[in-house]
Amino acid sequence: MEELGFSAADIFELEPDAGLGNGGLGRLAACYLDSMTTLEIPATGYSICYELGIFKQKIVDGQQVELADNWLEPGDSWLIPKLDETESIRFGGKVSTRWENGRVMVDHTDYTTVMAIPKDMVIAGYGTNHTNILRLWDAKSPDPVDISLYSSGEYLKAVEQQAMAEVIAKVLYPDDNHYEGKSLRLKQQYFFVSATVQSICRAHRLQYGTLRNFHHKHVIQINDTHPTLVIPELMRILLDEEGYGWEEAWHIVTHTVAYTNHTVMAEALEKWPQQLIETLLPRIWQILVEIAGRYQRELNAAFHGDQSKVERNAIIWGGQVRMANLCICACFAVNGVSALHSDILRKDVFRDAYQRRPAQFFNVTNGIDHRRWLSEINPQLDGLIRDCGGGDYLLHPESLSKLEDFQNDSGVLSRLGEIKAANKRNFASYVARETGVILNTDAMFDVQVKRLHEYKRQLLNVLHIVYLYQQIKSNPHFDMTPRTFLFGAKAAPGYYVAKEIIHLINCVAKMVESDPACKDLLQVVFLENYRVSLAEKLMPASELSEQISTAGKEASGTGNMKFMMNGAVTIGTLDGANVEMYQRLGDENIFLFGLTADEVVETRQKGYSPYEYYNHNAALRAVIDRIAQGFNGCSFNNLTNRLLFSNNGGQPDEYMLLADFESYRAAHERAGHVYRDPKAWNKIALLNVARSGIFAADRSIQDYARDIWDVPVRDLSKVTVRGTKKK
């Protein structure tokens, strides 16, 4: 390329981030595909070929504006259309049944057809010739444009069918705060799973001539409840197309499908209006009714008629279809994604099901692709690891532990500090080039980047920043370690409170920037349009990783692992995978604060009163009053009122920011003191890297393969990594 006058690196930078996922879960799927391929597990990932990703974020006057993320036009170079493997999906219409030749025959009429066209991306592993496939389904209408309508001037009507079909693959996660949005989301989900299941069954039938051994050859892993319609769709194919009886079909389905729950938040435990499914998916509705009725009879017997438990576990109840309960009913395995999260599923979210069938439940703690999230994005740290004897860590991430032998080696610790400083300068250069903002690289880079949601508590971070600002202004003896606070987050377009928090962050950043008293002490920067490619530049430069969700709310987190693996030190609650990080790091190598998950529940049960914290902590009261007062004419008393008073009958301070504020402030103070001793800080950073190998995605996939999928994996102990010495 360079002989032709082009820089290969510049060309690679032109490739956009694939608009296929929303935050950590989409990126987790990509990490898992890499690991499954490296471990030589035959696997296919399935999704929709979205034309537009979640959105490009623009900050205008401190507020989020959403722009179309048209990633596909320049990004489809790697996609291979497979037109001969197109599938047909039916929506709407009428369904009738009749008895013929000893079996039920189904007649589906007056339906609308959408064609699902597969576009395949080949996934290459590391150190292997094995490849896997990411199959993305594009949506097209089978009907040609009606030229006669064009001729008569009815232009919109002429292309209506194409538009109605193609909208399915138009945008990732359309807002569903209205009926039309819900309808589109349900269409997307059924389109995606129906095409997928038909495709798998077609290939299986070609190879074996029957689907009776389907469950011996496949596991379909449902990630959250979005693909749950896999269950009735596979039943539909087995019943209607293969002619199997109910019991045989149900046996195949319940030995094929497994469910991973990725969050306990209510919005991920989907509930669909019954009427919407009846109208849009009439045959699927019939099958759901049969599954739900059989399951409810089973529940009545198991709970001895206790209607409160029956109601809690029912699939169809009160005009709603509960997808999580359908997963519990039909899936042979259910797993959480961290030890704490899996424990909460067993004891709380799915407690009745766990008591009935404890062997159904597993834990597989999430992991990240360390080849990308360490070696590729942090080449200087990669070189240090190799020089310290960990040259085989790309296939053996546990080899990172060899760094522990150097925890008191001044030369290695000094080199680690130099690597971090260089990464900070590189990131600062990027930010200056892209935005014009000059970062203070002499200050600690304190980073919170993740989806904007109240439970992730970006607002708690802001409370602390305002506290620091007020101390700088009012206390001449206030001694603080200089901080550059970096935020990156997108708020869902319809999530008003999250968007207000982004506005607040930007207002505070502007206030701090314009005050000479904060120069070289305090800086706040909101990084616009946070995305994977930005994260790859930021992670190596980060020093303090904010993982501060309310305990019991974050299922696992993967950003926490990426920061840890790049030598950032965590300030966080005992939530999600932070718990397992803490078990490996100990008190001295992580800055913990706040209530535990059990203490959160206990505090709520006793009658949590955030106003008491407000009244008894003068510094906290001053912070909240200042935020309520607002900045530059913009009031934020709507946010402070949510902390102090009930909102539309809801709980005040639902995520307990005020309860954890003082503990959070003290943890920051401890972190600041340690940071002033570079050798002590670098030792903690080194141990974070050394003990992060357990959080590699390879380990997660090996857990799935052993405990849930029952498939062999490549024996990496016999693989020799050549050329591991790197200058």
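The structure displayed is predicted, hence computed values, not measured ones.

Chemist: Which residues make up the pattern of salt bridges, and what values go with them?
Modeler: Evaluated as defined, the whole model comprises 44 salt bridges. In this structure, the salt-bridge partner of Glu241 is Arg236, at a minimum N-O distance of 3.3 Å. According to the relative accessible area criterion, Arg236 is buried, its value standing at 15%. Of the charged contacts in the structure, one is a salt bridge between Arg642 and Glu454, with a shortest N-O distance of 3.0 Å. Separated by 188 residues along the polypeptide, Arg642 in helix α28 (residues 637-644) and Glu454 in the loop between β17 (444-449) and α20 (458-474) bring together distant segments of the chain. Judged by its relative accessible area of 16%, Glu454 falls in the buried class. Connected via shared salt-bridge partners are Asp34, Asp369, Arg371 and Asp698.

Chemist: I'd like a rundown of the sheet that holds strand β12 (residues 271-273), residues and numbers included.
Modeler: The strand order β12-β14-β13 describes an open sheet built from three strands, whose pairing is antiparallel. Of all strands in the sheet, those bounded by a partner on one side alone are β12 and β13 (316-317). Bridge count between β12 and strand β14 (residues 320-322): three bridges; the pairing is antiparallel. Bridge pairing links Trp272 to Val321 in β14. The strands touched by helix α14 (residues 323-330) are β12 and β14; relative to β14, the strand with the most contacts, the crossing angle is about 45°.

Chemist: Break down the side chain of Gln407 for me, citing the residues and quoting the values.
Modeler: Considering the arrangement of structural elements, one finds Gln407 in the loop between α18 (379-387) and α19 (410-435). Within the structure, the side chain of Gln407 is placed 3.2 Å from the backbone oxygen of Glu404, a separation counted as a polar contact.

Chemist: Which residues make up the packing of helix α12 (residues 282-302) against α14, and what are the values?
Modeler: The contact between α12 and α14 brings their axes to 11 Å, and the two run at 70°. It follows that α12 is roughly perpendicular to α14 by the angle criterion. The element α12 and its partner α14 pack so that their crossing is left-handed. Where α12 abuts α14, its residues Leu288, Ile291 and Tyr295 lie against Asn325, Leu326, Ile328 and Cys329. Residues that form the contact of α12 with α14 fall into these classes: six nonpolar, one polar and no charged.

Chemist: Could you give an account of the environment of Val106, naming the residues involved and the relevant values?
Modeler: As for its position among the elements, Val106 is in strand β7 (residues 103-109). Relative accessible area serves as the criterion here: at 23%, Val106 is assigned to the partly exposed category. In sequence terms Val106 and Leu463 are 357 residues apart; their C-alpha atoms lie 60 Å from each other. The contacts of Val106, once residues within four sequence positions are left out, are Val95, Ser96, Thr97, Asp240 and Arg283.

Chemist: So what about the sheet that holds strand β19 (residues 522-526)? Which residues, and what values?
Modeler: One open sheet holds the six strands; their spatial order is β19-β18-β17-β20-β21-β22, and the pairing between them is parallel. Bordering the open sheet on either side are β19 and β22 (591-592), each of which pairs with just one other strand. Where strand β20 (residues 544-547) and strand β21 (residues 569-572) come together, four bridges link them in parallel fashion. Looking across to β21, one finds that Gln547 is bridged to Gly572.

Chemist: Now, about the environment of Leu574: what can you tell me, with residues and values included?
Modeler: Locating Leu574 in the fold gives a position in the loop between β21 and α24 (578-585). Here Leu574 falls in the partly exposed class, since its relative accessible area comes to 24%. Each C-alpha atom, one on Leu574 and one on Phe406, is 28 Å from the other, the two residues being 168 residues apart in sequence. If we ignore the near neighbours within four places in the chain, the residues touching Leu574 are Leu340, Ala551, Val579, Tyr582, Leu592 and Thr596.

Chemist: Please give an account of the state of the cysteines that cites residues and values.
Modeler: Taken as a whole and assessed by the stated rule, the structure comprises zero disulfides. Cys327 forms no disulfide, and the closest cysteine sulfur to it belongs to Cys331, at a distance of 4.7 Å. For the unlinked cysteine Cys518, the closest cysteine sulfur is that of Cys507, found at 15 Å.

Rules of the game
Residues numbered from 1 in each chain as written. Predicted model: local features only at pLDDT ≥ 70, side-chain atom pairs only at ≥ 80, totals over all residues. Heavy atoms only, no water. Salt bridge = Lys/Arg side-chain N within 4 Å of Asp/Glu carboxyl O. Buried < 20%, exposed > 50% of the residue type's maximum accessible area, 1.4 Å probe, protein only. Helix = DSSP H or I, 4+ residues; strand = E, 2+ residues; numbered from the N terminus. Pairing = 2+ DSSP bridges. Contact = heavy atoms within 4.5 Å. Axes fitted to C-alpha atoms, helices over the stretch in contact; angles between N-to-C directions. Polar contact = N/O pair within 3.5 Å; in protein donor to acceptor, adjacent residues only side chain to side chain. Parallel < 35°, antiparallel > 145°, perpendicular 65-115°, else oblique. Left-handed = near helix turned anticlockwise from the far one by under 90°. Nonpolar A, V, L, I, M, F, W, Y, C, P; charged D, E, K, R; others polar. Disulfide = S-S within 2.5 Å.

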